[in-house]
Structure formats: structure tokens, C-alpha cells
Amino acid sequence: MTNEYSIWLLPSTADTARLHNSIALLSGHLGGPVFAPHVTIQGDISTDLAPLSHLLERLAACQAPLRWRVDGVESSEHFFRCLYLRLALSPAFGLMQQATQAITRTASGLSPFPHVSLAYGEPQPQIAGLLEPLAEQFEGQELVFDQLALCRSSKNVPIDQWCILESHSLSPA
């Protein structure tokens, strides 16, 4: 069993329910896996858990919940960004990535931009027809992320085996 980890931001309870419903519906429509809604700070991390756990505690203690505007609905050929919500740029996201990279000592697995995936999979022609209805549903909306999580997940761990190992509430400012 491979030990590879990710650091995620998790949405608020209300936003989790809304995003999970969309992910489940799209999974049924596109035939992809169902997964927990999240924003990846860094994935595919192969290091000891202790420094990652300590990092999460430190980051959560000094970071207020993030409120992100959905800037658009996009698709790509990348398996984990097959269909996603692009979020507005956030200095806090960049700072969390820098702190994580200082512990992992690699840029590998850093998310290229803040986003919430709605579907994983290979590109499919029907995705183009989903962009506009999803944009009407999400674009301009605000999503709140109030938990920081350490997860057992990576491109080498089967999605149905992904799990949250620990999470910490972000402290209010």
C-alpha cells in the first residue's frame, strides 16, 4: 500500500452538500468516480505524516475561513480537472502552497490554480454541453472553505480509497 498524501481545503457544510450533489449527478451522467469536494493545496506528497500534521495545525490556527468567488466553469484534458469550478485567485492560497512546499521540498503536486473539480475522467464530447448550465448554477457564487485536511490520496491511490486522516477548522480572523 502506497503512502501518498494531499493537503486539501474543505468546503463548509452547506457548500459540501451542494457540491457533493453536483459531483454525484455528474458522476452518474459521465460515468466517473464520486469524490469529496475539495480544493487541493498540494497532492501526491510522499513524506512523513508528522511534519504534515504539524503544518496543518499551524496553518489552521492562523488562517480565517476562505470565501471564494466562482469565476467560471471550465474543462480540460487533465483527468483530475475534467470539469471544474475555477475560483478567484487568493493570496492566502498562495501562502498555504508556499508553506506546504517548504515542508515537502517540492513543487510537484501543487495545484496550478485554485479550483474545485466537479468530475474526474477523460475528455468527453458531452462535457461541452454541461458548461453553460453549470455556469448558470455556480458562476459568481461564493463558496466558503473552513477546514484544512490531511488526506490519504494521490494519483497512485485509487479514488475509492481516498480518505481524510485529520482535519482542522480554520480559525476566524
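Structure first, text after, so check above.
Here's what I pulled together on the structure shown here. Bear in mind that the values here come from a model prediction, so they are computed numbers and not experimental data. (Residues numbered from 1 in each chain as written. Predicted model: local features only at pLDDT ≥ 70, side-chain atom pairs only at ≥ 80, totals over all residues. Heavy atoms only, no water.)

**Some points on the packing of helix α1 (residues 13-30) against helix α4 (residues 128-138)**
At step 1: Between α1 and α4, the shortest axis-to-axis distance is 13 Å and the interhelical angle comes to 170°. Judged by the angle between their axes, α1 and α4 are roughly antiparallel. Mapping the contact onto sequence places Arg 18, Leu 19, Ser 22, Leu 26, His 29 and Leu 30 in α1 and Leu 130, Leu 134, Gln 137 and Phe 138 in α4.
At step 2: Here the contact of α1 with α4 is built from residues that sort into 6 nonpolar, 3 polar and 1 charged. (Axes fitted to C-alpha atoms, helices over the stretch in contact; angles between N-to-C directions. Helix = DSSP H or I, 4+ residues; strand = E, 2+ residues; numbered from the N terminus. Parallel < 35°, antiparallel > 145°, perpendicular 65-115°, else oblique. Contact = heavy atoms within 4.5 Å. Nonpolar A, V, L, I, M, F, W, Y, C, P; charged D, E, K, R; others polar.)

**So, the environment of Leu 165**
At step 1: By the element assignment, Leu 165 lies in strand β7 (residues 163-169).
At step 2: When the C-alpha atoms of Leu 165 and Glu 74 are compared, they prove to be 30 Å apart, with 91 residues separating the residues in sequence.
At step 3: Leu 165 has contacts with Tyr 5, Leu 49, Leu 150, Cys 151 and Arg 152, leaving out every residue within four places of it along the chain.

**Some details on the nonpolar core**
At step 1: Ranked by internal contacts, the top residues of the largest apolar core, which has 50 residues, are Ile 7, Leu 9, Trp 68, Leu 83, Leu 85, Phe 145 and Leu 148.
At step 2: With 6 residues, strand β6 (residues 142-152) is the largest single contributor of residues to this core.
At step 3: Sequence-distant contacts of Leu 83, defined by excluding residues within four places in its chain, comprise Leu 26, Leu 30, Val 73, Glu 74, Ser 75, Ser 117, Leu 118, Ala 119, Ile 127, Leu 130, Leu 131 and Leu 134. (Core = buried A, V, L, I, M, F, W, Y, C linked by side-chain atoms within 4.5 Å. Buried < 20%, exposed > 50% of the residue type's maximum accessible area, 1.4 Å probe, protein only.)

**Quick word on empty space enclosed by the protein**
At step 1: One pass over the full model with this rule turns up 1 cavity of 30 Å³ or more.
At step 2: Roughly 30 Å³ of volume is contained in the largest cavity.
At step 3: Every element with two or more residues in the lining of the largest cavity is listed here: α1 and β5 (115-119).
At step 4: The biggest single contributor to the lining of the largest cavity is α1, with 4 residues.
At step 5: Of the residues belonging to the lining of the largest cavity, the class tally is 8 nonpolar, 2 polar and no charged. (1 Å grid on protein atoms, 1.4 Å probe; cavity = no way out; pocket = protein on both sides within 12 Å on 5 of 7 lines; lining within 4 Å. Points joined across faces, edges and corners; volume = space filled by probe spheres on them.)

**Here's the deal with the side chain of Ser 6**
At step 1: Counting through the fold element by element, Ser 6 comes out in strand β1 (residues 5-11).
At step 2: Take Ser 6: its relative accessible area is 4%, and that puts it in the buried class.
At step 3: With sequence-adjacent residues up to four places away left out, Ser 6 is seen in contact with Gln 42, Gly 43, Asp 44, Ile 45, Ala 149, Leu 150, Cys 151, Ser 153 and Ser 154.

**Brief notes about the layout of surface pockets**
At step 1: Its volume calculated, the largest pocket comes out at about 380 Å³.
At step 2: Forming the walls of the largest pocket are 22 residues, and the residues nearest its centre are Thr 40, Gly 43, Asp 44, His 78 and Phe 80.
At step 3: For the lining of the largest pocket, the elements supplying multiple residues, two or more each, are β1, β2 (39-45) and β5.
At step 4: The element contributing the most residues to the lining of the largest pocket is β2, with 4 residues.
At step 5: Looking at the lining of the largest pocket residue by residue, the classes come out as 8 nonpolar, 11 polar and 3 charged.

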